Amino acid sequence: MSSVASAPVRVRFCPSPTGNPHVGLVRTALFNWAFAKHHQGTLVFRIEDTDAARDSEESYDQLLDSLRWLGFDWDEGPEVGGPHAPYRQSQRMDIYRDVAQKLQDAGRAYHCYCSTAELDARRDAARAAGKPSGYDGHCRDLSAEQVEAYRAEGRTPIVRFRMPDETITFTDLVRGELTFTAENVPDYGIVRANGAPLYTLVNPVDDALMEITHVLRGEDLLSSTPRQIALYKALIDLGIAKEIPSFGHLPYVMGEGNKKLSKRDPESSLNLYRERGFLPEGLLNYLSLLGWSLSGDRDVFSMDEMVAAFEISDVNPNPARFDLKKCEAINGDHIRLLDVKDFTERCAPWLQAPFAPWAPEDFDEAKWQAVAPHAQTRLKVLSEITDNVDFLFLAEPVEDEASWTKAMKEGSDALLRTAREKLESADWTSAEALKEAVLAAGETHGLKLGKAQAPVRVAVTGRTIGLPLFESLEILGKEKTLARIDAALARLAA
Ligand code: GLU
Ligand code: ZN
């Protein structure tokens, strides 16, 4: 059942450009995007870049590039414009100044002259006395003389929002009814002493002006919601906002050791997934499972399927565990779903510098086209392609000592000699025939196929794991395969 009324849905994705995008942020973008699409609504993309010390143009560019790579589109925002432009908060400072002034004129916000030291001292005292330790309302109703005195001392005030002294209850779209008592939500700053507006102001003001109907964001922002609801009420009274949006807080994402996945954890960096060759659709599929599922047992699906099924009321409020192995497995499944031409094209970056260890002129397009369908059956991430096909383009297989030691056992030389003999007379137009040859060589030495093919694989590819072996041999060709077995035999003899 849909949890959403018939009014047009307007949601927003509003990150701060403060560094590499991380997976939590992508999950938030994804849920907003899917929600908007599911309800044929509007996705507003807004850049919350009012913190000049932390935001950078480079992060902004990276953010847009990442979202485009993931395949997101938005109806309003940077690059596409819209009726509420500009969508970068750094370009909306006049608006915030104006709203802050209106709030003060209406008595809904006030100047607070308390110094940090004074605030700290009173907070500590309140704590010691077992009382609520938030702002105590000291400057709520200063007399003209007190204000004069503070100014004479050279104090510059912050602007503080006056919270109503009432309990705030709302129904979270994910968590159900939530209640915050007034003593736990004290008056809070909305403009710094230097005049810079804070997140606490600009975020709800823009949600109001941009007519956002649903705020879907991470659980870490839950504590700001009662404040925003109170601010919203003031904005409605001032004729600036129309209606309080609905809120839905998405579950925490937990990493290693059941700790919250943090921006600093390497596996939270979106760039890592891009560099390793995750498919956007594979990564998004996995991220959608952080708090949501399509149906009991179907883990692999397309974004269209997600959009069709996505209900915010189905999101699970419990923390979700980020499981890199599962993320890779799902990505591998999406690699399998590509058509082979698409797969071949997406591998292209990893077949070139700086990844490819072979000289560009040694790359053989025909061999690549022949091996690609086999590679597609094996990869979890696209970057694995380089190691899997280098045996085709390098003059000699890579030297991987660990693989060599693992595969080359007592008797491997005898096995390799027999295999060479059988391969020499095999039909090289058939991978099946090559398999028969190695199988027969194994039988001669009392070895099953798995044991018999390991030294052959290492001799030819340098590695113990790789693509289907007999197809690989066929594509590499008889001459090179036999030469490599000879080289391995020589090495074993030495
Ligand atoms: N700029 C805020 C952040 O990135 C947005 C939070 C929100 O969705 O309200 O945390
Ligand atoms: Zn004060």
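Look up a bit, the structure's there.
In this text the structure is predicted, and so the values were computed from the model without any measurement. (Residues numbered from 1 in each chain as written. Chains lettered and ligands numbered in written order. Predicted model: local features only at pLDDT ≥ 70, side-chain atom pairs only at ≥ 80, totals over all residues. Heavy atoms only, no water.)

Undergrad: Break down the site of ligand 1 for me, citing the residues and quoting the values.
TA: As a matter of local geometry, ligand 1 sits amid Arg12, Cys14, Pro15, Ser16, Glu48, Tyr199, Asn203, Arg217 and Leu221. Side-chain polar atom of asparagine 203 to an oxygen atom of ligand 1: 3.0 Å apart, as the coordinates give it. When ligand 1 is considered free in solution it has 300 Å² of accessible area, and contact with the protein chains removes 79% of it. With respect to the pocket detection grid, ligand 1 is positioned in the largest pocket. Class assignment of the residues belonging to the shell around ligand 1 gives a composition of four nonpolar, two polar and three charged. (Near = heavy atom within 4 Å. Polar contact = N/O pair within 3.5 Å; in protein donor to acceptor, adjacent residues only side chain to side chain. Areas by Shrake-Rupley, 256 points an atom, 1.4 Å probe, with all protein chains shown as cover. 1 Å grid on protein atoms, 1.4 Å probe; cavity = no way out; pocket = protein on both sides within 12 Å on 5 of 7 lines; lining within 4 Å. Sits in = over half its atoms within 2 Å of the grid points. Nonpolar A, V, L, I, M, F, W, Y, C, P; charged D, E, K, R; others polar.)

Undergrad: Lay out the side chain of histidine 84 with the relevant residues and their values.
TA: Relative to the elements of secondary structure, histidine 84 occurs in the loop between helix H2 (57-70) and helix H3 (93-105). By relative accessible area, histidine 84 is classed as buried at 18%. With residues near it in sequence (within four places) discarded, histidine 84 still touches Arg10, Glu76, Arg92, Leu209, Met210 and Glu211. (Helix = DSSP H or I, 4+ residues; strand = E, 2+ residues; numbered from the N terminus. Buried < 20%, exposed > 50% of the residue type's maximum accessible area, 1.4 Å probe, protein only. Contact = heavy atoms within 4.5 Å.)

Undergrad: Requested: an account of the sheet that holds strand S4 (residues 158-161), with residues and values cited.
TA: Read across the open sheet, the three strands follow the order S3-S4-S7; overall the sheet is antiparallel. The sheet is open, and its two borders are formed by strand S3 (109-112) and strand S7 (188-191), each paired with just one other strand. The mean angle between the axes of side-by-side strands here comes to 45°, regardless of whether they run parallel or antiparallel. Across three bridges, the pairing between S4 and S7 is antiparallel. (Pairing = 2+ DSSP bridges. Axes fitted to C-alpha atoms, helices over the stretch in contact; angles between N-to-C directions.)

Undergrad: I'd love a proper account of the coordination of the zinc ion (ligand 2), names of residues and values included.
TA: Those protein atoms acting as donors to the zinc ion (ligand 2) are Cys112 (SG), Cys114 (SG), Tyr135 (OH) and Cys139 (SG), and they sit at 2.1 to 2.3 Å. Around the zinc ion (ligand 2), the four donor atoms sit at angles spanning 101 to 122°, and that spread fits a shape best called tetrahedral. We note that the donor set of the zinc ion (ligand 2) lies within a single chain, spaced as C-x1-C-x20-Y-x3-C. (Donors = N, O, S within 2.8 Å, 3.2 Å for Na, K, Ca; no water. Tetrahedral: all angles 85-135°; square planar, octahedral: opposite > 155°, others 65-115°.)

Undergrad: Which residues make up the packing of aromatic side chains, and what values do they have?
TA: All chains considered together, the criterion is met by 17 aromatic pairs. With 5.2 Å between their ring centres and 65° between their planes, phenylalanine 31 and phenylalanine 310 make a pair best called edge-to-face. Of this pair, phenylalanine 31 sits in helix H1 (residues 23-38) while phenylalanine 310 is found in the loop between helix H10 (303-309) and strand S11 (320-321), placing the two residues 279 residues apart along the sequence. Relative accessible area serves as the criterion here: at 0%, phenylalanine 310 is assigned to the buried category. Ring centres 6.1 Å apart and planes at 35° place the aromatic pair tryptophan 350 and phenylalanine 355 in the tilted group. Judged by its relative accessible area of 43%, phenylalanine 355 falls in the partly exposed class. Among the aromatic residues, those joined into a cluster by ring pairs are Phe31, Trp292, Phe301 and Phe310. The ring of tryptophan 74 has arginine 68 lying over it, and the distance from NZ or CZ to the ring centre is 3.9 Å. Above the face of the tyrosine 135 ring, arginine 160 is positioned so that its terminal group lies 3.5 Å from the ring centre. (Phe/Tyr/Trp six-rings, centres within 6.5 Å; stacked < 30°, edge-to-face > 60°. Lys NZ or Arg CZ within 6 Å of the ring centre and 35° of its normal.)

Undergrad: So, empty space enclosed by the protein: which residues are in play, and what are the values?
TA: Empty space among the atoms becomes apparent when a probe as large as a water molecule is rolled across them. Applying the stated criterion to the full structure yields three cavities of 30 Å³ or more. Computed from the structure, the largest cavity encloses a volume of approximately 50 Å³. What lines the largest cavity is simply Asp387, Asn388, Phe391, Arg457, Thr461, Arg463, Ile465, Gly466, Leu467 and Ser472. Listed by contribution, the elements that provide at least two residues to the lining of the largest cavity are helix H14 (385-393) and helix H18 (449-461). Among the residues forming the lining of the largest cavity, the class breakdown is three nonpolar, four polar and three charged. A volume near 50 Å³ is recorded for the second largest cavity. (Points joined across faces, edges and corners; volume = space filled by probe spheres on them.)

Undergrad: Can you tell me about helix H13 (residues 365-376), naming the residues and giving the values?
TA: With 12 residues, H13 ought to run about 16 Å at 1.5 Å a step, and its terminal C-alpha atoms sit 16 Å apart, in line with that. Listed as buried for H13 are Lys367, Trp368, Val371, Ala372, Ala375 and Gln376. Each buried residue of H13 lies within a common arc of 140° when the element is viewed along its axis, so the set occupies one face. Looking at the packing, one finds that the buried side of H13 touches helix H11 (324-337), helix H12 (340-347), H14 and helix H19 (469-476). (Expected span 1.5 Å × (residues − 1). Arc of directions from axis to C-beta.)

Undergrad: So what's going on with H18? Which residues, and what values?
TA: In an α-helix, one full turn covers 3.6 residues, which means residues spaced three or four apart are oriented alike. With 13 residues, H18 ought to run about 18 Å at 1.5 Å a step, and its terminal C-alpha atoms sit 17 Å apart, in line with that. Every buried residue of H18 is accounted for by Ala452, Gln453, Pro455, Val456, Arg457, Val458, Ala459, Val460 and Thr461. Residues of H18 that are buried sit in contact with H14, helix H15 (401-407), helix H16 (412-424), helix H17 (431-444), H19 and helix H20 (478-493). Phi for glycine 462, located one or two positions after H18, is positive at around 90°.

Undergrad: Report on the pattern of salt bridges, specifying residues and quantitative values.
TA: If you walk through the whole model with that rule in mind, you get 41 salt bridges. Between aspartate 237 and arginine 108 there is a salt bridge, with its nearest N and O atoms 2.9 Å apart. Note that aspartate 237 is positioned in helix H7 (residues 225-237) and arginine 108 in the loop between H3 and S3, a separation of 129 residues in sequence. With a closest N to O distance of 2.5 Å, aspartate 486 and arginine 420 form a salt bridge. Here arginine 420 lies in helix H16 and aspartate 486 lies in helix H20, a separation of 66 residues in the sequence. The partly exposed category is assigned to aspartate 486, whose relative accessible area is 33%. Among the charged side chains, a salt-bridge network with shared partners connects Arg12, Arg46, Glu48, Arg92, Asp206 and Asp207. (Salt bridge = Lys/Arg side-chain N within 4 Å of Asp/Glu carboxyl O.)

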